[in-house]
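Breakdown of the fold
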Amino acid sequence: MTELYIEHYPLEKQMEYNSLLLNLGDKKKSQKEQLMEQLATLSVDELQKILSMKKIAD
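Secondary structure assignment for the protein chain yields four helices and zero strands. Counting helices and strands in the order they occur from the N terminus, the protein chain gives α-α-α-α. If you sum the accessible surface of the protein chain, you get close to 5,600 Å²; carbon and sulfur atoms cover 63% of it.

The following block contains the structure:
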């Protein structure tokens, strides 16, 4: 089932997200710092999609 969702992401992003989920990232940085760095790489459109998803969830 998840293959339907995963296939839309480049392999590099899949590996990056997997390392975050498995907490394999830089142990010196907090999860918040890692998340902020990740968010900084997103486009305005991607950020707007995230925010619209939050509004739907509320």
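The structure having been displayed, the exposition proceeds.
Along the chain, Gln38 turns up in helix H3 (residues 31–40). Residue classification places Gln38 among the buried positions, given a relative accessible area of 11%. Once you skip the residues sitting within four places of it in the chain, Gln38 turns out to touch Lys13, Glu16, Tyr17 and Leu20.

On the secondary structure map, Tyr9 appears in the loop between helix H1 (3–6) and helix H2 (11–21). By relative accessible area, Tyr9 is classed as partly exposed at 45%. When near neighbours in sequence (up to four residues on either side) are disregarded, Tyr9 contacts Gln14 and Tyr17.

Time to look at the confidence of the model for the protein chain. On average, the protein chain scores 77 in pLDDT, and the residues at 70 or more come to 71%. The secondary structure element of the protein chain with the lowest average pLDDT is H1, at 66, and the one with the highest is H3, at 87.

Cut-offs used in this document
- Per chain, residue numbering runs from 1 following the sequence as it is written.
- Note on the predicted model: pLDDT of at least 70 is required for a residue's local features to be given, and 80 or more for side-chain atom pairs to be given and counted; whole-chain, interface and lining totals, by contrast, use all residues.
- Side-chain calculation: all heavy atoms of the structure are included, whereas hydrogens and water are not.
- Segments assigned H or I by DSSP are reported as helices when at least four residues long, segments assigned E as strands when at least two residues long, and all are numbered from the N terminus.
- The Shrake-Rupley method, run with a 1.4 Å probe sphere, supplies the accessible areas, and residue values consider only the shown protein chains as cover.
- The buried label applies to any residue whose accessible area, calculated with a 1.4 Å probe on protein chains only, is under 20% of its type's maximum; exposed applies above 50%, and partly exposed to all values in between.
- The contact criterion used is simple: two residues touch if any of their non-hydrogen atoms lie within 4.5 Å.
- The predictor attaches a confidence to each residue, and that confidence, scored 0 to 100, is pLDDT.

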